[in-house]
Structures are given as structure tokens and as C-alpha cells.
Amino acid sequence: MTLLYAGLFALLGGALFWQLASLLPGYSAIEVATYNGAQHLRALLDNPINAPFYLAVKAAGYAFADNLVAARVAAAAAGVVVLGAFAILLRRWHGKWTAVIGTVLFGLSAWFLHAARLGSPEVMLFVVFLLTVSGYWLRRTNHWLALLCCFLLVGVALYTPGMIWFVALGLLWQWKTIDAVFKKHLVIVTLGALLLFAALVPLGWALYHNHALVMPLLGLPTDWPTPLAMLENIFKVPYHLFVRNEANPVGWLGTAPILDVFSLTMFVLGGYIYLKKIRLLRTPLFLSVFILTGVLMAVGSSVTFTVIIPFVYLVIATGVSRLIDMWMDVFPRNPIARSVGWIAVAAIVVLACSFQLTHYFIGWPEAAATHEAFKPAAVEDGLATFK
């Protein structure tokens, strides 16, 4: 099994890092701005929003001659962490084979590749999922290391626009567990709290001196849409996810929906399974994350689908798991029928992944709109500019 997981992450790691600097004709404006924002620590003190990612970009820049690719490397490295957490959680919930299939579907999905290979702070939105995994770990083991991970991720989340709402949601979700752990690990709690306070000092200082940062940090717009526009935006969330996405050449190909037909079918099946098990602790959590994300997107927040994509693929993996179980229940002892079922599932998964990979690695780089959005850039005196 170790070899299987090694092969799985070799495949997914290759997808994350392959042609990271050369797949596109150049860099987008947001990548250039990210690189420039990471060059001066003084500027980060004045505006520390997304500072953890900027610091990662700054550190990665020392290792690459092409400094602009450092932002993409930092994002891809974060993507590896997200995939590892995703596989571990699925393994705990549904077993090894569902973990492999679900992680492949998620790791090779076009949206994940767009978010994890683009050199922008977008990848920090995955912190909601990482907090969920850490919360599950904390609830299951009460381990002090899980507690420290929670403190660390809360610190990252509070620097990320819009994530404070999800931190509050997590506190409500795990309040009893947190209370029990705090009593058990008082020393670790004290240490973690002090480290979190120290990490948030620059953020508090900047907010005190520049109140204009408050609304962006909350992920809220300065100009709110009308109630009718909000209602329209709420309907757009599932529409973009399942039917027709909004055009965005920097982060997507045309107006293709985010989910392919197989993933959509498995999401419906997995969603049905979760609704049948409404008392399961994770079901109200998933619903809360989906609803909160939809509300934030409806009011014009900077929060995107990246927040919920890992949860969407957890539901998809649940659907795949249920599909396999249904087949095995029909043919519990027939080895030929069982083999046919596994081969059929494998073939469909390969087709679904091929569609997503074709979208990202072939269709998107060749699109005229993508070439317009990604232009060659030069680095001069520590700042990047378009040629």
C-alpha cells in the first residue's frame, strides 16, 4: 500500500509542478503583483493581508533564478499539503481505495490545478479545509500536535480575506472539543495562544493605523450590491458550479462548468448519502461551509469556489464509495463481476481525469484569452514588469 500512495503522490506532484514556469506564455497581472508585494517587508507591515503567502513567495524566490516562478512554487507546495490532508481524511472516513480514487479526482481536477498552480494568494483559501482536517484530528485524538496545528492555521486564516467567518464557524463546530482539550493541555494552549498573539501583532498594528483594511480582511465589499443582485448572485453559485461558469481567463477556460458529468453525478449521490445521515457531525459542517461561502459570494466577497472545492470532492468521493459498495452488495462473491465493477470504475475515473487534464494543460494554455492574460514579464531591481 505504501507503493500505491507513493505512486499516487508522484502522479499528483507531477501534475502540480510539471511545466510550472513554461506552460503559459508569461505571467498574469496578479502574479506580478504578488511577486512585487513579497519583495519589501516594510510594505507587508503596512498591509499584511495575505502576508503568510507573501513570505512563502519571498523564501521561495531565493531558490529560483526565475524569481517570478517562486509564487507558483509556493502555491504548488501548499497544494501538496492540501492533497496530503485530503487523502488522510478520506482514508479515515472511507478506506484506502476511496482515498486513492477521491484524491486522484480532486488532485487532477481543473479547479484545484488552477488554484494551486497560479502564483496568487488564492491558494490560501484552502486553509478552511486544512482547519477542518485539523479539527477532526483534534476531536479524534486530543493530541497536542493537532492543537498546535489548529493555532497555526487559525493564524494563517486570520490573515486571509473572508476567513474570519469560517474560523468563527469552526469554533462553534468544535466548542466542546476545544474546551476539553484546553483543560487537558493547558501548557500547550498557553504556548499556542502566545504564538498566535505574537503572529497577529503586525495585523492588529496595521488595522489600527489603517481602518480601510478592515473590510477587505473581512472579505466584504465596500459597495454592497442591491438585495435583488444578491439574490441573483446566490443562484449563480450552483449555476457556475454545475452548468456554466463565469468567464475568467486568468483562472479558467471559457465558461465551462466546474464539475464534469461524472463528478456531478457522484456529487448528487454523495449529497443524498449525507442528507440521509443528517445527524453525522460532518453533514451540518459541510452544509454550513457551503451556505457561508454562497452568502459571501452573493454579497460580492473576494471568497471564491476554492473554499468549497475540497468539500465538494469529499462529497464526490462519498458518492464513488457508495457506488462501489452497491456493486459489491449485488455481487458479494462473484470475482468476475467484482473485477468488472472495479475496471468500470477505473475507466470512468480515468476518463473524468483526462477531461480535467485536457481542460487545464491543453485547452486553457492554447486559448487566445489566456495568451492575452499571461504576458512575458521582466524582473528589474527587485520588481517585475510586463515586457
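Up top is the structure.
Residues numbered from 1 in each chain as written. Predicted model: local features only at pLDDT ≥ 70, side-chain atom pairs only at ≥ 80, totals over all residues. Heavy atoms only, no water.

Q: Help me out: how do you make sense of the packing of aromatic side chains in this one?
A: Each aromatic ring pair is described using two quantities: the centre-to-centre distance and the angle formed by the ring planes. Evaluated as defined, the whole model comprises 19 aromatic pairs. One aromatic cluster in this structure is built from Phe 86, Trp 93, Phe 106, Phe 112, Phe 126, Phe 129, Tyr 136, Tyr 274, Phe 286, Phe 311 and Tyr 313. We note Arg 282 situated over the ring of Trp 93; from NZ or CZ to the ring centre the distance is 3.8 Å. (Phe/Tyr/Trp six-rings, centres within 6.5 Å; stacked < 30°, edge-to-face > 60°. Lys NZ or Arg CZ within 6 Å of the ring centre and 35° of its normal.)

Q: Is there a simple way to think about helix H14 (residues 227-242) in this case?
A: Three- or four-residue spacings in an α-helix give side chains the same orientation, since the helix completes a turn every 3.6 residues. With 16 residues, H14 should reach 22 Å at 1.5 Å per residue; the first-to-last C-alpha distance of 24 Å fits that figure. Maximum bend of H14: about 25 degrees, positioned at Lys 236, with proline Pro 238 one to four residues after it. The inward-facing, buried residues of H14 abut helix H16 (282-298) and helix H17 (309-330). (Helix = DSSP H or I, 4+ residues; strand = E, 2+ residues; numbered from the N terminus. Expected span 1.5 Å × (residues − 1). Bend = angle between axes of the 7 residues up to and from the residue. Contact = heavy atoms within 4.5 Å.)

Q: Looking at this structure, how should I read helix H12 (residues 186-209)?
A: The end-to-end C-alpha distance of H12, which contains 24 residues, comes to 34 Å, matching closely the 34 Å that a straight helix rising 1.5 Å per residue would cover. When we look at burial in H12, the residues that qualify are Ile 188, Val 189, Gly 192, Leu 196, Leu 203 and Ala 206. Buried residues along H12 sit in contact with helix H3 (41-46), helix H9 (144-158), helix H11 (175-184) and helix H13 (214-218). (Buried < 20%, exposed > 50% of the residue type's maximum accessible area, 1.4 Å probe, protein only.)

Q: I keep staring at a positive patch on the surface and nothing clicks. Help me out?
A: A cluster of like positive charges, contributed by Arg 91, Arg 92, Lys 96 and Arg 140, occupies part of the molecular surface. The class for Arg 92 is exposed, based on a relative accessible area of 51%. (Patch = residues over 30% accessible without salt bridge, like charges linked within 9 Å, V, L, I, M, F, W, Y side chains within 5 Å. Areas by Shrake-Rupley, 256 points an atom, 1.4 Å probe, with all protein chains shown as cover. Salt bridge = Lys/Arg side-chain N within 4 Å of Asp/Glu carboxyl O. Lys, Arg positive; Asp, Glu negative; His and termini not counted. Charge placed at Lys NZ, Arg CZ, Asp CG, Glu CD.)

Q: Looking at this model, I keep getting lost on the nonpolar core. Mind explaining?
A: The tendency in soluble globular proteins is for nonpolar side chains to be buried as a group. By size, the foremost hydrophobic cluster in this structure holds 115 residues, and its most contacted members are Leu 105 and Phe 129. In terms of residues, this core owes the most to one element, helix H5 (residues 69-94), which gives 14 residues. With sequence-adjacent residues up to four places away left out, Leu 105 is seen in contact with Phe 262, Tyr 313, Ile 316, Val 320, Val 349, Ala 352 and Cys 353. (Core = buried A, V, L, I, M, F, W, Y, C linked by side-chain atoms within 4.5 Å.)

Q: Just to check I follow, could you spell out the environment of Val 104 for this structure?
A: Tracing the chain through its elements places Val 104 in helix H6 (residues 96-107). For Val 104, a relative accessible area of 13% translates into the label buried. Setting aside its immediate chain neighbours within four residues, Val 104 contacts Leu 8, Leu 12, Val 349 and Cys 353.

Q: I would appreciate a short explanation of the pattern of salt bridges in the present structure.
A: For side chains bearing opposite charge, pairing can occur when the charged atoms are close. Under the defined criterion, the tally for this structure stands at 4 salt bridges. As a salt-bridge pair, Lys 236 and Glu 232 come within 3.8 Å of each other at their nearest N and O atoms. Within this pair, Lys 236 and its partner Glu 232 are both found in helix H14, separated by 4 residues, close to a single helical turn. On the basis of relative accessible area, Lys 236 is assigned to the partly exposed category, the value being 34%. According to the relative accessible area criterion, Glu 232 is partly exposed, its value standing at 46%. Its salt-bridge partner being Glu 372, residue Lys 375 comes within 3.7 Å of it at the nearest N-O pair. In this structure Glu 372 comes out as exposed when scored by relative accessible area, which is 54%.

Q: So what exactly am I meant to see when it comes to the packing of H5 against helix H8 (residues 127-141) here?
A: Helix-helix packing is described using two parameters, namely the angle between the two axes and the distance between the axes. For the pair H5 and H8, the least separation of the axes is 10 Å and the interaxial angle reads 40 degrees. On the basis of the axis angle, H5 is oblique to H8. In this structure, the crossing between H5 and H8 has a hand that is left-handed. For the pair H5 and H8, contact is made by Val 81, Val 82, Ala 85, Phe 86, Leu 89, Arg 92 and Trp 93 and by Phe 129, Leu 130, Val 133, Tyr 136 and Arg 140, respectively. Residue composition of the contact of H5 with H8, grouped by class: 10 nonpolar, no polar and 2 charged. (Axes fitted to C-alpha atoms, helices over the stretch in contact; angles between N-to-C directions. Parallel < 35°, antiparallel > 145°, perpendicular 65-115°, else oblique. Left-handed = near helix turned anticlockwise from the far one by under 90°. Nonpolar A, V, L, I, M, F, W, Y, C, P; charged D, E, K, R; others polar.)

Q: Would you explain a nonpolar patch on the surface in this entry?
A: On the surface, Leu 275, Ile 278, Leu 287, Ile 291 and Val 295 cluster together into a nonpolar patch covering about 450 Å² of accessible area. A per-element tally of the nonpolar patch places H16 first, with 3 residues. Position of Leu 275 relative to the elements: it lies in helix H15 (residues 261-276). Taking relative accessible area as the criterion, Leu 275 reaches 55% and is therefore assigned exposed.

Q: What's the story with the side chain of Ser 301 in this structure? I'm lost.
A: Tracing the chain through its elements places Ser 301 in the loop between H16 and H17. Looking at Ser 301, its side chain comes within polar contact range of the main-chain nitrogen of Val 303, at 3.1 Å. Aside from chain neighbours lying at most four places away, what touches Ser 301 is Gly 219, Pro 221 and Leu 296. (Polar contact = N/O pair within 3.5 Å; in protein donor to acceptor, adjacent residues only side chain to side chain.)

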